[in-house]
Amino acid sequence: MPITGTGRARLDQPRTARPGLLSLPSYDPEAFGVLSERIARFLGTGRFIVWMTVVVVVWIAWNTLLPASARFDEYPFIFLTLALSLQASYAAPLILLAQNRQDNRDRVNMEQDRSRSDRNIADTEYLTREVAALRHGLGEVATRDFVRSELQSLLKEIDERREATGSL
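Residues numbered from 1 in each chain as written. Predicted model: local features only at pLDDT ≥ 70, side-chain atom pairs only at ≥ 80, totals over all residues. Heavy atoms only, no water.

Details of the overall build of the protein chain
Okay, so step 1: A tally of regular secondary structure across the protein chain gives four helices and zero strands.
Okay, so step 2: Taken over 168 residues, the protein chain has a buried fraction of 9%. (Helix = DSSP H or I, 4+ residues; strand = E, 2+ residues; numbered from the N terminus. Buried < 20%, exposed > 50% of the residue type's maximum accessible area, 1.4 Å probe, protein only.)

Shown next, in the form of structure tokens:
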């Protein structure tokens, strides 16, 4: 048991099994989740349907067409019904577990998308303000065409003054 400097067990950590008591087998939840997803993925394929159909057809053919001494499940196929029920009772929770894991992944992806979208909106608003400030600043800056037109008007004015002073 983890012990801090005060001699007390930490409350935020689970207790370890005490020696001498019956301990249950441990498993890796992540590995079990991955396995359940693989099984659920297989159960949702056409390949599974085909194999299941082949097994059921062979089972029924074996127990109806072969001699009575070779049959292991007489009509009404109680053992086949039991096997299919057992398969379904394991398949349903495994599929639900896989769906829950997918829901968790989708939730994390949505949160990441939402935060990314919020950052994009903030960046866009910042850039919009910057562009507006640049436009406002450019309104006060003399452009090349403005300076050229001012210089040309000054040259005309100088020429006119020369002509006026030269004719006197």
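Back to the text.
As for unusual backbone geometry
Okay, so step 1: Of note, the amide linkage connecting Y75 to P76 takes the cis form, showing an omega dihedral of 20°.
Okay, so step 2: You can see P76 is positioned in the loop between α2 (46–65) and α3 (78–139).
Okay, so step 3: With phi around 55°, F77 is a residue other than glycine that occupies positive phi space.
Okay, so step 4: Mapped onto the elements, F77 comes out in the loop between α2 and α3.

Overview of the packing of aromatic side chains
Okay, so step 1: All told, the structure shown has five aromatic pairs when counted by the stated rule.
Okay, so step 2: Here W59 and F72 contribute two aromatic rings whose centre-to-centre distance is 5.1 Å and whose plane-to-plane angle is 70°, an arrangement assigned as edge-to-face. On the criterion of sequence distance, the pair formed by W59 in helix α2 and F72 in the loop between α2 and α3 is long-range, its members being 13 residues apart.
Okay, so step 3: W59 sits in the buried class, given a relative accessible area of 14%.
Okay, so step 4: A centroid spacing of 6.4 Å and a plane angle of 55° characterise the contact between W62 and F72, whose relative ring orientation is tilted. Placement of the pair is W62 in helix α2 and F72 in the loop between α2 and α3, with a sequence separation of 10 residues.
Okay, so step 5: On the basis of relative accessible area, W62 is assigned to the partly exposed category, the value being 39%. (Phe/Tyr/Trp six-rings, centres within 6.5 Å; stacked < 30°, edge-to-face > 60°.)

As for the confidence of the model for the protein chain
Okay, so step 1: Averaged over all residues, the pLDDT of the protein chain equals 87, while 90% of them reach at least 70.
Okay, so step 2: The least confident element of the protein chain, judged by mean pLDDT, is helix α1 (residues 29–43) at 88; the most confident is α2 at 95. (pLDDT = per-residue confidence, 0-100.)

With respect to the environment of V34
Okay, so step 1: When you line up the elements, V34 lands in helix α1.
Okay, so step 2: Using a relative accessible area of 37% as the deciding quantity, one classes V34 as partly exposed.
Okay, so step 3: In this structure, the C-alpha to C-alpha distance between V34 and L97, residues 63 residues apart in sequence, is 9.8 Å.

Observations concerning the pattern of salt bridges
Where charged atoms from two side chains of opposite charge approach closely, those side chains can pair.
Okay, so step 1: By the definition in use, this model includes seven salt bridges.
Okay, so step 2: R105 serves as the salt-bridge partner of E37, at 2.8 Å between the closest nitrogen and oxygen. Taken as a pair, E37 in helix α1 and R105 in helix α3 lie far apart in primary sequence, 68 residues in all.
Okay, so step 3: The closest approach of N and O atoms between R148 and D145, which form a salt bridge, is 3.7 Å. Here R148 pairs with D145, and both are found in helix α4 (residues 144–166), just three residues apart, close to one helical turn.
Okay, so step 4: Judged by its relative accessible area of 44%, R148 falls in the partly exposed class.
Okay, so step 5: Residues joined in a network through salt bridges with shared partners are E30, E37, R101 and R105. (Salt bridge = Lys/Arg side-chain N within 4 Å of Asp/Glu carboxyl O.)

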